[in-house]
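Summary of structural features
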Amino acid sequence: MLQAARAAQMALGIELTEYMSASTDQNVPMSLGIPSTSLGAGGREGFNHSLSEWFEPVRSYEGPQLCLLTALALVGLENGADPMLPIYTAVPRAQWQDRL
């Protein structure tokens, strides 16, 4: 996950200036030992979850681009890059639909 996110950052020319910690939904998988990260939404912000919270949409287009490129790196592209994640094959419907 982190390799995919870093590759997307480099492709977009986003400089990694620091790692920050915050209370996010990544806490649950991390507590279970599952590697995870949060990707920024772009822009600048401060004083989150307070009456003084602010947001400035500077280069805010980079957030969605970063998320898309990271996701594409993880799942791969048909006739293109191989996925970084292993391919999950679900049990065929015929094997479980009779149990409903």
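Structural data are supplied above this passage.
Here goes a summary of the coordinates provided. Since this is a predicted model, take the numbers as computed values, not measurements. (Residues numbered from 1 in each chain as written. Predicted model: local features only at pLDDT ≥ 70, side-chain atom pairs only at ≥ 80, totals over all residues. Heavy atoms only, no water.)

1. Digging into the overall build of the protein
On a plain count of helices and strands, the protein comes out with four helices and two strands. Traced from its N-terminal end to its C-terminal end, the protein shows the element sequence α-α-β-β-α-α. The proportion of buried residues among the 100 residues of the protein is 15%. Contacts in the protein between residues at least 24 apart in sequence constitute 37% of all its contacts with a sequence separation of at least 6. Taken as a whole, the protein presents about 8,400 Å² of accessible surface, with 58% of it coming from carbon and sulfur. (Helix = DSSP H or I, 4+ residues; strand = E, 2+ residues; numbered from the N terminus. Buried < 20%, exposed > 50% of the residue type's maximum accessible area, 1.4 Å probe, protein only. Contact = heavy atoms within 4.5 Å. Areas by Shrake-Rupley, 256 points an atom, 1.4 Å probe, with all protein chains shown as cover.)

2. Considering helix 1 (residues 2–12)
Every buried residue of helix 1 is listed here: A4, A5, A8 and Q9. Taken down its axis, helix 1 places every buried residue within 135 degrees of arc, on the same side. Away from its buried face, by an angle of more than 90 degrees, helix 1 presents the exposed residues Q3, M10 and A11. Residues of helix 1 that are buried make contact with helix 3 (62–75). (Arc of directions from axis to C-beta.)

3. Concerning the side chain of T70
Of note, T70 is situated in helix 3. Taking relative accessible area as the criterion, T70 reaches 3% and is therefore assigned buried. Apart from the residues within four sequence positions on either side, T70 is in contact with A4, A5, A8 and L39.

4. Regarding the pattern of salt bridges
One pass over the full model with this rule turns up two salt bridges. Among the salt bridges present, the one from E56 reaches R44, with a minimum N-O distance of 3.8 Å. One end of the pair, E56, is in strand 2 (residues 54–56); the other, R44, is in strand 1 (residues 44–46), and twelve residues separate them in sequence. Residue classification places E56 among the partly exposed positions, given a relative accessible area of 32%. Of the charged contacts, one joins E62 and R59 as a salt bridge, the two residues approaching to 2.4 Å between their closest N and O atoms. The exposure class of E62 is buried, given its relative accessible area of 12%. (Salt bridge = Lys/Arg side-chain N within 4 Å of Asp/Glu carboxyl O.)

5. Considering the environment of C67
Checked against the element boundaries, C67 lands in helix 3. Look at C67 and you get partly exposed, because its relative accessible area is 36%. For the pair formed by C67 and A41, sequence separation is 26 residues and the distance between their alpha carbons is 8.3 Å.

6. What to know about the environment of G76
Structurally, G76 is set in the loop between helix 3 and helix 4 (93–96). Using a relative accessible area of 12% as the deciding quantity, one classes G76 as buried. For the pair G76 and I87, spaced eleven residues apart in sequence, the C-alpha separation works out to 9.7 Å. In this view, G76 contacts A81, D82 and P83; residues no more than four positions away in its chain are not counted.

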